[in-house]
Amino acid sequence: MNKAVKFSILDLSPVPQGADVKTALDRSLALAQHGESLGFERFWMAEHHGMAGIASAATSVALAHVGSGTKTIRIGAGGIMLPNHAPMVIAEQFGTLEALFPGRIDLGLGRAPGSDQRVAQAMRRNLNTDPNQFPRDVLELQALLEGDEALGIQATPGAGSKIPLYILGSSLFGAQLAAALGLPYAFASHFAPQALDEALAIYRRDFKPSAQLSEPYAMCGFNIFAADTDDEAEHLATSMMQSFVALRTGNPGKLPPPVEGYRESLPPQAQSMLAQIMQGSAVGAPDAVLSSVRAFLDRTQANELIVCGSIFDQAAREKSYGLAAEVRDLIAA
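First, a word on what this report is: a plain description of the structure on this page. As the structure is a computational prediction, the values presented were derived from the model and not from experiment. (Residues numbered from 1 in each chain as written. Predicted model: local features only at pLDDT ≥ 70, side-chain atom pairs only at ≥ 80, totals over all residues. Heavy atoms only, no water.)

All right, on to the packing of helix α6 (residues 172-181) against helix α7 (residues 196-206) then. α7 packs onto α6 with a crossing angle of 15° between their chain directions and a minimal axis gap of 8 Å. Looking at the two axes, α6 sits roughly parallel to α7. For the pair α6 and α7, the crossing hand works out as right-handed. Two secondary-structure elements touch here, α6 through Leu172, Ala175, Gln176, Ala178 and Ala179 and α7 through Glu198, Ala199, Ile202, Tyr203 and Asp206. Grouping the amino acids of the contact of α6 with α7 by side-chain chemistry returns 7 nonpolar, 1 polar and 2 charged. (Axes fitted to C-alpha atoms, helices over the stretch in contact; angles between N-to-C directions. Helix = DSSP H or I, 4+ residues; strand = E, 2+ residues; numbered from the N terminus. Parallel < 35°, antiparallel > 145°, perpendicular 65-115°, else oblique. Left-handed = near helix turned anticlockwise from the far one by under 90°. Contact = heavy atoms within 4.5 Å. Nonpolar A, V, L, I, M, F, W, Y, C, P; charged D, E, K, R; others polar.)

Structure representation (structure tokens):
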């Protein structure tokens, strides 16, 4: 296990039932402030569209809100879904963030639309099926952020900012691209863990050093639901479980309150689906979480865990991250 493993936060900015987008974004800011006080490395927000339960569609705007209320924690996107955007626009948006919060900005890039086809069409981008378009867009964005004069244009702000890029993925494609470009790789094992081991093996085997990175750097998404007891943690986790089931059955909505005995109440097929999704998760009291995290790090040899955990109650959410920080410190010790 890598003893120097970093812990970070991935926040989906969930909108709880009975609340609104401003509440969700203010809760995200409070979580970032809490994470900063606990020594988490970075705070990332994700781009999703057309979903009533996620408040971070305008990801760069949401990050400006978080950046204005924090001082030291790195902030960034985990990720921007680049097929939705012209690289020039993203270079300007994140160049602006870097100007406002110098030395604190990360930019994770994914190739999924973060929505369905109807929403993707509404965003006015061509639904290009060319598999080479995403790598080309990444290279164009990288050149814009470096201020490459060969482009004949400048992103202002953005040019010369050299914001670190990360490739996100849940399949082997992202692993291959991150390796070829010599970029850090973040795997979405918090909701799609099936290809995790093979993707990490390919990334490490094929990695080519770059100006940004001399050796492979792997981040893994990981859900942590920590509480004083196993039963309490299981109860807290049922909000996200309900959201997963609703999403997979085509009925996404706001984050629901927890439900006693939810997992057991599901039909076997839904229980099996949840068990597969939750492979990259630790649910329980601190000792149980410590054991699960250690096993996951032993398996993946990840350089960094980016911790997710959509919890309905904000105080319980912050406590869960506090217990996760204690687990991090025990592992480091």
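To continue, consider the nonpolar core. Considering soluble globular proteins, one finds that nonpolar side chains tend to be buried as a cluster. Core analysis: the largest hydrophobic core is formed by 84 residues, its most contacted members being Phe94, Leu107, Tyr203 and Val293. In this structure Tyr203 touches Ala175, Ala178, Ala179, Leu183, Pro184, Tyr185, Leu213, Pro216, Tyr217 and Ala218, once residues within four positions along its chain are discounted. Within the second largest apolar cluster, 18 residues are counted, among which are Ala227, Leu236, Tyr262 and Ala316. (Core = buried A, V, L, I, M, F, W, Y, C linked by side-chain atoms within 4.5 Å. Buried < 20%, exposed > 50% of the residue type's maximum accessible area, 1.4 Å probe, protein only.)

It is worth spelling out the packing of aromatic side chains at this point. A full pass over the atoms with the stated rule returns 6 aromatic pairs. An angle of 75° between the planes, with centres 5.9 Å apart, marks the rings of Phe40 and Tyr321 as edge-to-face. With a gap of 281 residues between them, Phe40 in the loop between α1 (21-38) and β2 (42-45) and Tyr321 in helix α12 (residues 314-332) connect regions that are remote in the sequence. For the pair Trp44 and Tyr166, a centre-to-centre distance of 5.1 Å together with 80° between the ring planes defines the contact as edge-to-face. (Phe/Tyr/Trp six-rings, centres within 6.5 Å; stacked < 30°, edge-to-face > 60°.)

Bringing helix α5 (residues 133-146) into the picture now. Compared with an ideal rise of 1.5 Å per residue, which puts 14 residues at 20 Å, α5 spans 20 Å between its outermost C-alpha atoms and is within 8% of the ideal. Every buried residue of α5 is listed here: Phe134, Pro135, Asp137, Val138, Leu141, Gln142, Ala143, Leu144 and Leu145. In this structure, the buried side of α5 is in contact with α3 (87-100), β4 (105-110), β5 (165-169) and α6. Within two residues after α5, Gly147 carries a phi angle of roughly 80°, on the positive side. (Expected span 1.5 Å × (residues − 1).)

Relative to the assigned elements, Gln276 resides in helix α10 (residues 268-277). Of the residues examined, Gln276 reaches a relative accessible area of 37% and is grouped as partly exposed. Between the C-alpha atoms of Gln276 and Phe191, which are 85 residues apart in sequence, the distance is 8.7 Å. Residue contacts for Gln276: discarding those within four places in its chain leaves Pro193 and Gln194.

Among the structural elements, Leu266 can be located in the loop between α9 (262-265) and α10. Once you skip the residues sitting within four places of it in the chain, Leu266 turns out to touch Val245, Gln271 and Leu274.

With that out of the way, let us pick up the state of the cysteines. Evaluated as defined, the whole model comprises 0 disulfides. There is no disulfide at Cys220, and the cysteine sulfur nearest it, in Cys308, is 14 Å away. (Disulfide = S-S within 2.5 Å.)

This paragraph deals with the pattern of salt bridges. Per the counting criterion, the structure on display carries 11 salt bridges. Between Arg299 and Asp197 there is a salt bridge, and its shortest N-O distance comes to 2.9 Å. In this pair, Arg299 is assigned in helix α11 (residues 286-300) and Asp197 in helix α7, connecting sequence segments 102 residues apart. Taking the shortest distance from any N to any O, the salt bridge between Lys319 and Asp228 comes out at 2.7 Å. Placement of Lys319 in helix α12 and of Asp228 in the loop between β7 (218-226) and α8 (230-248) is noted, with a sequence separation of 91 residues between them. (Salt bridge = Lys/Arg side-chain N within 4 Å of Asp/Glu carboxyl O.)

Once that is clear, we can look at unusual backbone geometry. Cis peptide bonds are those with omega within 30 degrees of zero, and the linkage from Gly78 to Gly79 qualifies with 10°. With respect to the helices and strands, the residue Gly79 is situated in strand β3 (residues 74-81). Here the bond from Thr156 into Pro157 is cis, since omega is -5°, no more than 30 degrees from zero. In this structure, Pro157 sits in the loop between α5 and β5. In the Ramachandran plot, Ser13 falls in the positive-phi region, its phi being about 45° despite a non-glycine side chain. Along the chain, Ser13 falls in the loop between β1 (6-11) and α1.

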